[in-house]
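Inside the fold
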Amino acid sequence: MSVMDHPLIAGVDEAGRGPLAGPVVAAAVILDPARPIAGLGDSKVISEKRRTALALQIRQLAWVGVGIAEPEEIDRINILQATMTAMARAVSNLPHVPDHILIDGNRVPDGLPCPAEAIIKGDASEASIGAASIIAKTIRDELMKRAALRFPGYGFEAHKGYPSAVHRNALIALGPCPIHRFSYAPVRAVLEKR
């Protein structure tokens, strides 16, 4: 990919705002118009197998930056600010400074290096945001599968930290583990009862 061929448009999205455990992961992706990738879109509606294959293609054919905010940071500054921080980190971790940034959602993080706009449901309408959505979700899912090995019994490999019935029951039975978000009400409630 040559830097001079066309304006560099970065799509940015995140995964993991809703879970009770684990990090929030953001990705920034600059696609090469000369090497389009078929099937990009909202990672939540793509099968895990297809997401994994697309993530590999994206890493081979595009520029990718990733930013992470860990649970302690989420607890300290709140999930919205942690998400914005992770997004800004993802952009700063790109190998090139983009000319324009498209952000999934309705807010633009502070401190970006160029003009940016927020697009609601952008992961379904903008290929670069869809690509970022796929990268963020595949990385976060992999991190939660690894967390399941470190913290057995919670079922992180299945629900990825989201507040499923299995997760809530494990939380009550085992209490929170170090990657839980202690500022989230269901986790706080368990802590207060222990």
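Here is what the cut-offs are and how they apply
- The residue count restarts for each chain, going from 1 along the sequence in the order it is written.
- Per-residue local features are limited, in this predicted model, to residues with pLDDT of at least 70; the limit for side-chain atom pairs, both in listing and counting, is 80 or more; totals at the level of whole chains, interfaces and linings are taken over all residues.
- Derived side-chain values reflect all non-hydrogen atoms in the structure, with water molecules and hydrogen atoms excluded from consideration.
- Helical segments are the DSSP runs of H or I of at least four residues, strand segments are the runs of E of at least two, and each set is numbered from the N terminus.
- Here's how the labels work: a residue is buried when its accessible area is under 20% of the maximum for its type, exposed when over 50%, partly exposed in between, all with a 1.4 Å probe on protein chains only.
- In what follows, residue pairs with any heavy atoms lying within 4.5 Å of each other are defined as contacts.
- Strand pairing is assigned whenever DSSP identifies at least 2 bridges connecting the two strands.
- All axes are obtained by fitting lines to C-alpha atoms, using only the stretch in contact for helices, and the reported angles, taken between N-to-C directions, cover 0 to 180 degrees.
- A helix is expected to span 1.5 Å for every residue after the first.
- N or O atoms within 3.5 Å of each other form a polar contact, as long as, within protein, one can give a hydrogen and the other can take it, and as long as residues adjacent in sequence are counted only when both atoms are side-chain atoms.
- Whether two aromatic rings pair depends on their centres lying within 6.5 Å, for rings of Phe, Tyr and Trp, where Trp uses its six-membered ring; planes under 30 degrees apart make the pair stacked, over 60 edge-to-face, and the rest tilted.
- Crossings are classed by handedness, with left-handed meaning an anticlockwise turn of the near helix from the far one by less than a right angle and right-handed meaning a clockwise turn.
- Under the convention adopted here, Pro, Cys and the residues Ala, Val, Leu, Ile, Met, Phe, Trp and Tyr are nonpolar, Asp, Glu, Lys and Arg are charged, and Gly plus all remaining residues are polar.
- Buried residues of nine kinds, namely Ala, Val, Leu, Ile, Met, Phe, Trp, Tyr and Cys, make up a nonpolar core once their side-chain atoms join them within 4.5 Å.

**Quick word on the overall build of the protein**
- Scanning the protein from N- to C-terminus turns up eight helices and five strands.
- Shown N-terminal to C-terminal, the secondary structure of the protein runs as helices and strands in the order β-β-α-β-α-α-β-β-α-α-α-α-α.
- In the protein, buried positions account for 51% of the 194 residues.
- Residue pairs at least 24 apart in sequence account for 61% of intrachain contacts in the protein once pairs closer than 6 positions are excluded.

**Here's the deal with the sheet that holds strand E4 (residues 100-104)**
- Strand order in this open sheet of five strands is E3-E2-E1-E4-E5, and the pairing throughout is mixed. Each edge of the open sheet is held by one strand with a lone partner, namely strand E3 (63-69) and strand E5 (116-119). Averaged over all adjacent pairs, the angle separating strand axes in this sheet is 20°, with direction ignored.
- As paired elements, strand E2 (residues 24-30) and E3 share seven bridges and run antiparallel to each other. Paired with Val25 across the bridge in E3 is Ile68.

**Some points on helix H3 (residues 79-92)**
- In this model, H3 (14 residues) spans 20 Å end to end at C-alpha, consistent with the 20 Å of a helix rising 1.5 Å per residue.
- Turning to H3, its buried residues are Ile79, Leu80, Ala82, Thr83, Met84, Ala86, Met87, Ala90 and Val91.
- The secondary structure elements touched by the buried residues of H3 are strand E1 (9-15), E2, E3, helix H2 (71-77) and E4.
- With a side-chain oxygen lying 3.0 Å from the backbone nitrogen of Leu80, the N-terminal cap of H3 falls on Asn78.

**Describing the environment of Asp99**
- Along the chain, Asp99 falls in the loop between H3 and E4.
- For Asp99, a relative accessible area of 43% corresponds to the partly exposed category.
- What Asp99 contacts, discounting residues up to four positions off in sequence, is His6, Pro7, Leu8, Cys114 and Pro115.
- Reaching out from Asp99, the side chain makes a polar contact with the backbone nitrogen of Leu8 at a distance of 2.6 Å.

**Quick look at the packing of aromatic side chains**
- Per the counting criterion, the structure on display carries one aromatic pair.
- Arranged with centres 5.3 Å apart and planes meeting at 10°, the rings of Tyr154 and Phe156 form a pair that is stacked. Take Tyr154 and Phe156: they sit in the same class, and that class is buried.

**Quick look at the packing of helix H1 (residues 48-61) against helix H5 (residues 127-150)**
- At their nearest, the axes of H1 and H5 sit 9 Å apart, and the two run at 115° to each other. The chirality of how H1 crosses H5 is left-handed. Here Glu48, Arg51, Thr52, Leu54, Ala55, Ile58 and Arg59 of H1 lie close against H5, whose contacting residues are Ala131, Ile134, Ile135, Lys137, Thr138, Ile139, Asp141 and Lys145.
- Split by residue class, the contact of H1 with H5 holds seven nonpolar, two polar and six charged.

**A look at the nonpolar core**
- The biggest cluster of nonpolar side chains holds 28 residues, and the ones touching the most others in it are Val12, Val24, Val91, Leu94 and Ile101.
- The set of elements that each furnish at least two residues to this core consists of E1, E2, E3, H3, E4 and helix H8 (185-193).
- Among the elements that make up this core, the one with the highest residue count is H3 (eight residues).
- Within the second largest apolar cluster, 20 residues are counted, among which are Ala15, Leu40, Leu54 and Ala62.

Geometric values such as these leave the question of function open.
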